[in-house]
Amino acid sequence: HAADAMRTDLMTITRYVLNEQSRFPEARGDLTILLNNIVLGCKFVCSSVSKAGLAKLIGLAGETNVQGEEQKKLDVLSNDVFVNALVSSGRTNVLVSEEIEDAIFVEKAKRGRYCVVFDPLDGSSNIDCGVSIGTIFGIYMLKDGIEGTVEDVLQPGTAMLAAGYCMYGSSCTLVLSTGAGVNGFTLDPSLGEFILTHPDIKIPKKGKIYSVNEGNAMNWDAPTTKYVQNAKFPKDGASPKSLRYIGSMVADVHRTLLYGGIFMYPGDKKSPKGKLRVLYEVFPMSFLMEQAGGQAFTGKERALELVPTHIHDRSPIFLGSYDDVEEIKALYAEAA
Ligand code: AHG
Ligand code: MN
Ligand code: MN
Ligand code: MN
């Protein structure tokens, strides 16, 4: 029966992507090769994270990145592995990494059709205490054979053709969408393969969890303040929501995707555009949420319709269960 079939008819991520690829008649297998290289990067980071404490990989690298953050050793190591894996795939044209100030333009000999925007290590502040962290990526496709420019990656999230994240937690889980729903794969370390474990993920229409850094409450605007107030002191006699906040976007979003609820990183008086970066945090997670039946909102518009003006642009983000995001949209509409 089905369970046995799953066990002996292994649906690896490679096989899944190949199946997906067959949806595009003109496909040449390029996306499969690209994703395989991203998967290699994730396997490497997974292995590095699990032995970080032992391999002296915790702690600071001694540099500060363009975000003004002190880079961790694993930030730099992960970034370098992904850059090498992506360039050597021969399928990329422009790369944007959280950890590199300018976009990378791949040399002609190794140039392909895809632009990859990525956060090589998300949740760096959680590395040294062993709390779940992750990698986030988004993929755009360019016209064949052109020399990519920055404009080619300053595209709205609606132009993304694939997005995903890998979470390095109790197990290593890769969640991916190529535009036809969301699927979760778990790394079987004995095989070195990601196996389909969460087919066709759909986020619950409404949740009982809100996820936000309450430490910023002093600077929140009225709609966000009101939403959180309603979550804690519901007027209609409903029971209050639970607060869950891990501080790694990948972990907070993964829980939201599976359990339902809302994840928020609002803008506030101190940082009107919030903290999360549009290209490699907001867009990929918004893409996945919409593919799973949820939604993603910036406080002003549908997150995927944002057009970034800079590769490290930031935006406020409210994403998760369809009904929960509707509530925050109504509060912002009232205040507009
Ligand atoms: P990164 O480690 O890639 O710089 O991202 C950290 C982000 C994100 O993972 C998380 O949701 C957010 O920072 C947490 O920010 P606060 O500590 O301000 O809540
Ligand atoms: Mn960072
Ligand atoms: Mn991040
Ligand atoms: Mn990061």
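Residues numbered from 1 in each chain as written. Chains lettered and ligands numbered in written order. Predicted model: local features only at pLDDT ≥ 70, side-chain atom pairs only at ≥ 80, totals over all residues. Heavy atoms only, no water.

A.B. asks: For this particular structure, what's the right way to read the overall build of the protein chain?
C.D. replies: When helices and strands are tallied, the protein chain shows eight helices and 15 strands. Expected size for 336 residues packed as a compact globule is a radius of gyration near 20 Å; at 20 Å, the protein chain falls within 12% of this value. Across the 336 residues that make up the protein chain, the buried fraction comes to 54%. A separation of at least 24 residues holds for 63% of the contacts in the protein chain among residues at least 6 apart in sequence. Split by element, the accessible area of the protein chain, about 14,600 Å² in all, is 56% carbon and sulfur. Within the protein chain, the 40 negative side-chain charges are centred at a point lying 3 Å from the centre of the 34 positive side-chain charges. (Helix = DSSP H or I, 4+ residues; strand = E, 2+ residues; numbered from the N terminus. Rg over C-alpha atoms; globule rule 2.2 N^0.38 Å. Buried < 20%, exposed > 50% of the residue type's maximum accessible area, 1.4 Å probe, protein only. Contact = heavy atoms within 4.5 Å. Areas by Shrake-Rupley, 256 points an atom, 1.4 Å probe, with all protein chains shown as cover. Lys, Arg positive; Asp, Glu negative; His and termini not counted. Charge placed at Lys NZ, Arg CZ, Asp CG, Glu CD.)

A.B. asks: How do you make sense of the environment of Arg-111 when you look at a structure like this?
C.D. replies: Mapped onto the fold, Arg-111 is located in strand 5 (residues 111–122). In sequence terms Arg-111 and Glu-326 are 215 residues apart; their C-alpha atoms lie 42 Å from each other. Beyond its immediate chain neighbours, meaning those up to four positions away, Arg-111 contacts Gly-90, Thr-92, Asn-93, Val-106, Ile-146 and Glu-147. In terms of polar contacts, Arg-111 uses its side chain to reach the backbone carbonyl oxygen of Val-106, at 3.2 Å. (Polar contact = N/O pair within 3.5 Å; in protein donor to acceptor, adjacent residues only side chain to side chain.)

A.B. asks: Would you explain the UniProt feature "domain: Fructose-1-6-bisphosphatase class 1 C-terminal" (unreviewed entry) in the protein chain in this entry?
C.D. replies: Those places that UniProt annotates as "domain: Fructose-1-6-bisphosphatase class 1 C-terminal" (unreviewed entry) correspond, in this numbering, to residues 203–332. With 36% helix and 12% strand, residues 203–332 has end C-alpha atoms that lie 23 Å from one another. (UniProt positions renumbered as here; feature names shortened; annotations may be inferred.)

A.B. asks: How should unusual backbone geometry be read in this particular structure?
C.D. replies: Leaving glycine aside, a negative phi is the common case for residues, and trans is the common case for peptide bonds. One non-glycine residue with positive phi stands out, namely Asp-200, at about 50 degrees. Looking at where Asp-200 falls in the secondary structure, it is placed in the loop between strand 10 (193–198) and strand 11 (209–211). The exposure class assigned to Asp-200 is partly exposed, which follows from its relative accessible area of 47%.

A.B. asks: What is the right way to look at the layout of surface pockets in this model?
C.D. replies: It is the rolling of a water-molecule-sized probe over the atoms that shows where space remains empty. Put simply, the largest pocket is a space of about 450 Å³. As for the largest pocket, its lining consists of 26 residues, of which Gly-123, Ser-124, Ser-125, Gly-247 and Lys-275 are closest to the centre. (1 Å grid on protein atoms, 1.4 Å probe; cavity = no way out; pocket = protein on both sides within 12 Å on 5 of 7 lines; lining within 4 Å. Points joined across faces, edges and corners; volume = space filled by probe spheres on them.)

A.B. asks: Help me understand the sheet that holds strand 14 (residues 295–297), please; the structure alone is not making it clear to me.
C.D. replies: Strands pair in a sheet through their backbones, by hydrogen bonds, and they do so in one of two ways: parallel or antiparallel. Judged by pairing direction, the sheet is mixed, and its five strands sit side by side in the order 12-11-13-15-14 without closing on themselves. Each end of this open sheet is capped by a strand with a single partner; those strands are strand 12 (242–243) and strand 14. Contacts from helix 7 (residues 278–291) reach strand 14 and strand 15 (317–320), with the element oriented near 30 degrees to strand 15. In this fold helix 8 (residues 322–335) packs onto strand 13 (262–265), strand 14 and strand 15, with an angle of close to 25 degrees to the strand it touches most, strand 14. (Pairing = 2+ DSSP bridges. Axes fitted to C-alpha atoms, helices over the stretch in contact; angles between N-to-C directions.)

A.B. asks: Just to check I follow, could you spell out the coordination of the manganese ion (ligand 4) for this structure?
C.D. replies: Note on metal geometry: ideal angles are 109.5 degrees for four donors arranged tetrahedrally and 90 or 180 degrees for six donors arranged octahedrally. Taken together, Glu-98 (OE), Asp-119 (OD) and Leu-121 (O) make up the protein donors of the manganese ion (ligand 4), found 2.0 to 2.2 Å from the metal. When the donor residues of the manganese ion (ligand 4) are listed from N- to C-terminus, their spacing reads E-x20-D-x1-L. Judged by relative accessible area, which is 1%, Leu-121 ranks as buried. (Donors = N, O, S within 2.8 Å, 3.2 Å for Na, K, Ca; no water.)

A.B. asks: Can you walk me through the coordination of the manganese ion (ligand 3) in this structure?
C.D. replies: Summarising the metal site, the manganese ion (ligand 3) is bound by the protein donors Asp-119 (OD), Asp-122 (OD) and Glu-281 (OE), whose distances to it range over 1.9 to 2.0 Å. Between the donor residues of the manganese ion (ligand 3), the gaps in sequence give the motif D-x2-D-x158-E.

A.B. asks: Explanation requested: the packing of aromatic side chains in the structure shown.
C.D. replies: For any pair of aromatic rings, the description rests on two quantities: the centre-to-centre distance and the angle between the ring planes. Taken as a whole, this structure holds six aromatic pairs when the rule is applied. Relative to Phe-118, the ring of Phe-82 has its centre 6.0 Å away and its plane inclined at 45 degrees; by these criteria the two rings are tilted. In this pair, Phe-82 sits in helix 4 (residues 73–88) while Phe-118 sits in strand 5, placing the two residues 36 residues apart along the sequence. Of the two residues, Phe-82 and Phe-118, both sit in the buried class. Relative to Tyr-332, the ring of Phe-297 lies with its centre 6.1 Å away and its plane at 65 degrees, an arrangement referred to as edge-to-face. One end of the pair, Phe-297, is in strand 14; the other, Tyr-332, is in helix 8, and 35 residues separate them in sequence. Exposure class is identical for Phe-297 and Tyr-332. Each is buried. (Phe/Tyr/Trp six-rings, centres within 6.5 Å; stacked < 30°, edge-to-face > 60°.)

A.B. asks: Before we go on, may I ask you to explain the pattern of salt bridges in this structure?
C.D. replies: Pairs can form between side chains of opposite charge once their charged atoms are near each other. On inspection of all chains with the given rule, the structure shows 20 salt bridges. A salt bridge links Arg-28 to Asp-30; the nearest nitrogen and oxygen atoms lie 3.3 Å apart. Residue classification places Arg-28 among the partly exposed positions, given a relative accessible area of 48%. In this structure, Asp-200 engages Lys-202 in a salt bridge whose closest nitrogen and oxygen atoms are separated by 3.9 Å. Taken together, the shared-partner salt bridges connect Arg-28, Asp-30, Arg-91, Arg-113 and Asp-144 into one network. (Salt bridge = Lys/Arg side-chain N within 4 Å of Asp/Glu carboxyl O.)

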